[in-house]
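Descriptive structure summary
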Amino acid sequence: MNKVWNIALSLALLLAGLSCKQAQDIKAFTEARYSLQSVKEIKLNGIDVEERIQQRRGFTHEEGDSLLASVTSNSLELSATLALHVALEEQSEEKRNLTITRLKWLLEVEGEDALTGTIEETLVLHEGLNRLSIATPVGLATDGNVPNYTGLSRLITLLGQRVDIRQHLTLKIKPTVKTPVGNIESPAFITVSKPSSLVAFFR
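Residues numbered from 1 in each chain as written. Predicted model: local features only at pLDDT ≥ 70, side-chain atom pairs only at ≥ 80, totals over all residues. Heavy atoms only, no water.

What follows deals with helix 4 (residues 61-72). Helical periodicity: at 3.6 residues per turn, an α-helix aligns residues three or four positions apart in one direction. Over its twelve residues, helix 4 runs 17 Å from end to end, which matches the ideal 16 Å to within 8%, given 1.5 Å per residue. Taken residue by residue, helix 4 has Glu63, Leu67, Ser70 and Val71 as its buried positions. Looking down the long axis of helix 4, one finds its buried residues gathered within 100° of arc, a one-sided arrangement. Exposed and facing more than 90 degrees away from the buried side of helix 4 are His61, Glu62 and Asp65. Looking one or two places after helix 4, you find Asn74, whose phi comes out positive at around 55°. (Helix = DSSP H or I, 4+ residues; strand = E, 2+ residues; numbered from the N terminus. Expected span 1.5 Å × (residues − 1). Buried < 20%, exposed > 50% of the residue type's maximum accessible area, 1.4 Å probe, protein only. Arc of directions from axis to C-beta.)

Below, the discussion takes up the environment of Val192. Residue position: Val192 is located in strand 12 (residues 190-192). Sequence separation between Val192 and Ile173 is 19 residues, and the spatial gap between their C-alpha atoms is 7.1 Å. Residues contacting Val192, with those up to four places away along its chain left out, are Tyr34, Ser35, Leu36, Leu84, Leu171 and Ile173. (Contact = heavy atoms within 4.5 Å.)

So, about the nonpolar core. Counting 43 residues, the largest nonpolar core has Phe29, Tyr34, Trp105, Leu115 and Leu125 as the members making the most contacts within it. With six residues, strand 4 (residues 97-109) is the single largest residue contributor to this core. Non-local contacts of Trp105, meaning those with residues more than four positions away in its chain, are made with Leu115, Thr116, Gly117, Thr118, Ile119, Thr136, Pro137, Val138, Leu171, Lys172, Ile173 and Phe189. (Core = buried A, V, L, I, M, F, W, Y, C linked by side-chain atoms within 4.5 Å.)

Our next topic: unusual backbone geometry. A positive phi angle is found at Glu41, which is not glycine, with a value near 50°. Position of Glu41 relative to the elements: it lies in strand 1 (residues 33-44). If you check the backbone angles, Asn74 has positive phi at about 55° while not being a glycine.

Here Lys172 lies in strand 10 (residues 169-179). A polar atom in the side chain of Lys172 sits 3.1 Å from the side chain of Glu108. Setting aside residues up to four positions removed in sequence, Lys172 forms contacts with Lys104, Trp105, Leu106, Glu108, Phe189, Ile190 and Thr191. (Polar contact = N/O pair within 3.5 Å; in protein donor to acceptor, adjacent residues only side chain to side chain.)

Residues shown with low pLDDT carry predicted positions that ought not to be read at fine detail. Mean pLDDT over the protein stands at 79; residues scoring 70 or higher make up 79%. Note on residues 196-203: pLDDT is under 50 here. Beyond four places in sequence and across chains, it has 20 contacts. (pLDDT = per-residue confidence, 0-100.)

The following block contains the structure:
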């Protein structure tokens, strides 16, 4: 995790006079390793993507055009259930958790920013496997105030090839953590690892 964020959190904890356990819990999660185990119940603007995968049926041309138009106009909505595994570096006999009040995410395609969004709901993470039902808008990543179409173009090209594109994608998150002195946002994105067993839902 970014050192600047650790310093900010440490100052916040010091000012708040938190107990040793509370301070240790927050520190443990800022240094944790995050990996995405699976993505289920995926819906894009109400279209059941998982059902399409099971039936080996893709989007129609009309649906594809509609979804693409939604992305470029920042009106695409994604809902899904994530299985996110949290591995803490230091083990403890007591249960530890972390409250995230806001979560920005970024999808990179071959190193190029492509899609982004923000989950505006409270998520409570604990050590081990977390099943999180999320809803988020999906928009184009920007370079400054200019939409970055390069990443989206690469994604569309890969999807058109109907191959497993997992090795081309990188998911990053930027959480805002709840503390007694207010919410503190990570100054940088954290890369979420993707295990080889992750189900490919883009084919």
